[in-house]
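# Structural description and commentary
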Amino acid sequence: MVGVDNNMRRDFFGAAGDTLWNLERLRSITKRFTHFDLDIRDRVRIEDMFRSNRFDLIIHCAAQPSHDKARDIPITDFEVNALGTLNLLEAMRQHCPEAVFLFMSTNKVYGDAPNEIPLKELATRYEYLRQEDYAGVNESCRIDRSLHSLFGASKAAADLVAQEYGRYFGMNVGIFRGGCLTGPSHSGVELHGFLSYLVKATMNGLSYSVFGYKGKQVRDNIHSSDVVNAMAEFANNPRPGEVYNLGGGRTNSVSMIEAIDRVEQLTGKKLQWRYVDEARKGDHICYISDLGKFKSHYPQWEITTGLDSILEEMVGAKKSRAAASSV
């Protein structure tokens with residue numbers, strides 16, 4: 001197992017985004033793990049790594065992942081998300097074309113097109129108005145003629161390139177358009193990592209801002225273990241160039257104010273939050289991933305970790321890390 005990470009998340013988000021603690025954790029609990037401190041924009045070094053290691057499976061999760069941060073660093077954002085993805089795909093084509101490549105895309109490739117789905121306002125969340133939309137957004141949603149944010153645009157470029165390597169070259173490339181991916185090892189920050197940062201802010205007494213839509217905007221959340229299981233299903237039976245929405249689905253959906261309430265109940269602490277009456281540009285009002293396509297192709301896969309379990313695990317992990325750091 002080879003891991004590639006240059007801890008650029010710290011450059012994007014400061015000390016709170018630092019992932020070195022997780023690297024040390026991996027080194028301490030694994031026997032056959034090698035770390036490469038590599039920038040995926042560095043085509044020559046990526047090529048060298050692929051030349052000296054023949055991979056069976058490549059899981060590409062490296063990204064500039066913030067909707068808002070991209071506005072301040074548009075060139076870096078595009079180089080990391082689009083060019084970095086191209087570098088990895090081409091290195092695979094040259095050195096291990098028979099391998100499986102899993103690209104973690106994002107639901108932001110749809111831009112704000114999902115906001116055109118008719119909604120109704122409930123006491124604590126927005127909800128789809130029509131019964132036919134109940135399962136959420138499916139892969140037929142268009143990815144152009146909408147407002148994406150620069151992050152959404154760079155990921156859409158990478159998404160299309162990944163599809164092309166699968167369809168044009170017949171390579172085993174799968175594209176997963178993620179909802180909110182999370183888990184106990186998430187280094188959440190205000191600009192990226194919704195639930196992780198919410199738990200951190202509540203437990204550490206940090207101030208938290210809710211942007212627009214009365215705090216009733218909805219997201220679906222999926223545990224990292226369910227993401228890995230989905231990837232394993234695809235890797236065992238790849239479909240070249242196929243695209244799947246991957247999130248927690250309806251059962252793991254939650255609005256901002258619902259999530260705040262759940263975390264406060266779990267931790268026994270009150271979150272210091274304020275409402276900003278201005279939504280983030282291109283932000284989704286209600287986004288739930290329709291998982292029907294993936295389930296139809298891989299019927300053995302299902303969501304195994306519910307939202308309450310995700311939150312409980314996060315709270316427990318943060319308590320454990322806080323205790324360890326105080327020793």
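Because the structure is predicted, anything quoted here is derived from the model rather than measured.

By the definition in use, this model includes 23 salt bridges. Its salt-bridge partner being Asp 144, residue Arg 145 comes within 3.5 Å of it at the nearest N-O pair. Arg 145 sits in the exposed class, given a relative accessible area of 64%. The partner of Lys 270 in a salt bridge is Glu 264, with the nearest N and O atoms 3.4 Å apart. Take Lys 270: its relative accessible area is 61%, and that puts it in the exposed class. The network of salt bridges with shared partners includes Asp 39, Arg 41 and Glu 79.

This part takes up the packing of helix α4 (residues 74–95) against helix α5 (residues 150–167). Packing of α4 against α5 brings their axes to within 8 Å, and their N-to-C directions diverge by 10°. Judged by the inter-axis angle, α4 sits roughly parallel to α5. In this structure, α4 contributes Pro 74, Asp 77, Phe 78, Asn 81, Ala 82, Thr 85, Leu 86, Leu 89, Glu 90 and Arg 93 to the contact, and α5 contributes Leu 150, Phe 151, Ser 154, Lys 155, Ala 157, Ala 158, Val 161, Ala 162 and Tyr 165. In terms of residue class, the contact of α4 with α5 is made up of twelve nonpolar, three polar and four charged.

Across the eleven residues of helix α6 (residues 194–204), ten count as buried, placing the element largely inside the fold. Every buried residue belonging to α6 is among Phe 194, Leu 195, Ser 196, Tyr 197, Leu 198, Val 199, Lys 200, Ala 201, Thr 202 and Met 203, and all of these are buried.

Our focus in this paragraph is the pairing of strand β4 (residues 100–106). Summarising burial for β4: seven of the seven residues are buried, a large majority. Of the two faces of β4, the one lined by Val 100, Leu 102, Met 104 and Thr 106 and the one lined by Phe 101, Phe 103 and Ser 105 are each fully buried. In terms of strand pairing, strand β3 (residues 57–60) meets β4 through four bridges, oriented parallel. Looking at β4, one finds that Ile 59 is bridged to Leu 102. Regarding topology, α4 serves as the crossover connection from β3 to the parallel β4, and that connection is right-handed.

Attention now moves to the packing of aromatic side chains. Given two aromatic rings, one states the distance between the centres and the angle between the planes to describe the pair. A complete count under the given rule lists 14 aromatic pairs for this structure. Centroid distance Phe 176 to Phe 234: 6.0 Å. Interplanar angle 80°. Geometry classified as edge-to-face. Here Phe 234 lies in helix α7 (residues 224–236) and Phe 176 lies in strand β7 (residues 172–178), a separation of 58 residues in the sequence. Of the two residues examined, Phe 176 and Phe 234, each falls in the buried class. Ring centres of Tyr 244 and Phe 294 lie 5.0 Å apart, and the angle between their planes is 90°; this geometry places the pair in the edge-to-face category. Placement of the pair is Tyr 244 in strand β11 (residues 242–246) and Phe 294 in helix α9 (residues 292–297), with a sequence separation of 50 residues. By relative accessible area, which is 0% here, Tyr 244 ends up buried. Grouped by ring-pair contacts, the aromatic residues Phe 176, Phe 234, Tyr 244, Phe 294, Tyr 298 and Trp 301 constitute a single cluster. A cation over an aromatic ring shows up here: Arg 93 above the ring of Phe 169, its NZ or CZ 4.3 Å from the ring centre.

About the criteria used
Residues numbered from 1 in each chain as written. Predicted model: local features only at pLDDT ≥ 70, side-chain atom pairs only at ≥ 80, totals over all residues. Heavy atoms only, no water. Salt bridge = Lys/Arg side-chain N within 4 Å of Asp/Glu carboxyl O. Buried < 20%, exposed > 50% of the residue type's maximum accessible area, 1.4 Å probe, protein only. Axes fitted to C-alpha atoms, helices over the stretch in contact; angles between N-to-C directions. Helix = DSSP H or I, 4+ residues; strand = E, 2+ residues; numbered from the N terminus. Parallel < 35°, antiparallel > 145°, perpendicular 65-115°, else oblique. Contact = heavy atoms within 4.5 Å. Nonpolar A, V, L, I, M, F, W, Y, C, P; charged D, E, K, R; others polar. Pairing = 2+ DSSP bridges. Right-handed = clockwise from strand over helix to strand, strands pointing away. Phe/Tyr/Trp six-rings, centres within 6.5 Å; stacked < 30°, edge-to-face > 60°. Lys NZ or Arg CZ within 6 Å of the ring centre and 35° of its normal.

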